[in-house]
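Structural description and commentary
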Amino acid sequence: MINSKARKTVSEFGGLPFAEQAAIIWQKGQPVATRHLPDFRLHLYAVDHFFVEMWVCRRRFIVTLFRPITDTDDLLPYVNLGLPVQNSIC
């Protein structure tokens, strides 16, 4: 079980098993924005002091990937949506 008081770094989060990553997102993640791709919906969450994308398959309605954001350039598609991403940092 995940200790909800423990802060994770982006590298620690990336090294966790999928089920533990999901538990952290559900327990601590703050939704920030959603983008739409042809086959996926990408939900951006703020977790501790970093961001994570949750990739959801639009055909099967399942989460296929949690992608920690390690480069601020990866946030540009969200900024271009006109969302105040800079105000969402924990």
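Up top is the structure these notes are about.
Just so you know, these numbers come straight off a predicted model, no measurement behind them.

Some thoughts on the environment of Asp71
By the secondary structure assignment, Asp71 is in the loop between β4 (63–68) and α3 (76–79). Residues Asp71 and Phe51 lie 20 residues apart in sequence; the distance between their C-alpha atoms is 9.9 Å. At 2.9 Å, the side chain of Asp71 forms a polar contact with the backbone nitrogen of Asp73.

Quick notes on the pairing of strand β3 (residues 50–57)
Judged by how many residues are buried, β3 sits mostly within the fold: eight of eight residues are covered. A two-sided burial pattern is seen for β3, the buried positions comprising Phe50, Val52, Met54 and Val56 on one face and Phe51, Glu53, Trp55 and Cys57 on the other. Two elements, strand β2 (residues 40–47) and β3, share eight bridges in a ladder whose sense is antiparallel. Looking across to β3, one finds that Arg41 is bridged to Val56. In this structure, the hairpin formed by β2 and β3 is closed by a connection of two residues, where Asp48 is found at a positive phi of approximately 55°. Here β3 runs beside β4; their pairing, made up of five bridges, is antiparallel.

A few points about the sheet that holds strand β1 (residues 30–36)
In space, the four strands of this open sheet follow the order β1-β2-β3-β4, with antiparallel pairing throughout. A strand with exactly one partner marks an edge of an open sheet, and here the two such strands are β1 and β4. With direction set aside, neighbouring strand axes in the sheet form an average angle of 20°.

Parameters and conventions
- Residues numbered from 1 in each chain as written.
- Predicted model: local features only at pLDDT ≥ 70, side-chain atom pairs only at ≥ 80, totals over all residues.
- Heavy atoms only, no water.
- Helix = DSSP H or I, 4+ residues; strand = E, 2+ residues; numbered from the N terminus.
- Polar contact = N/O pair within 3.5 Å; in protein donor to acceptor, adjacent residues only side chain to side chain.
- Buried < 20%, exposed > 50% of the residue type's maximum accessible area, 1.4 Å probe, protein only.
- Pairing = 2+ DSSP bridges.
- Axes fitted to C-alpha atoms, helices over the stretch in contact; angles between N-to-C directions.

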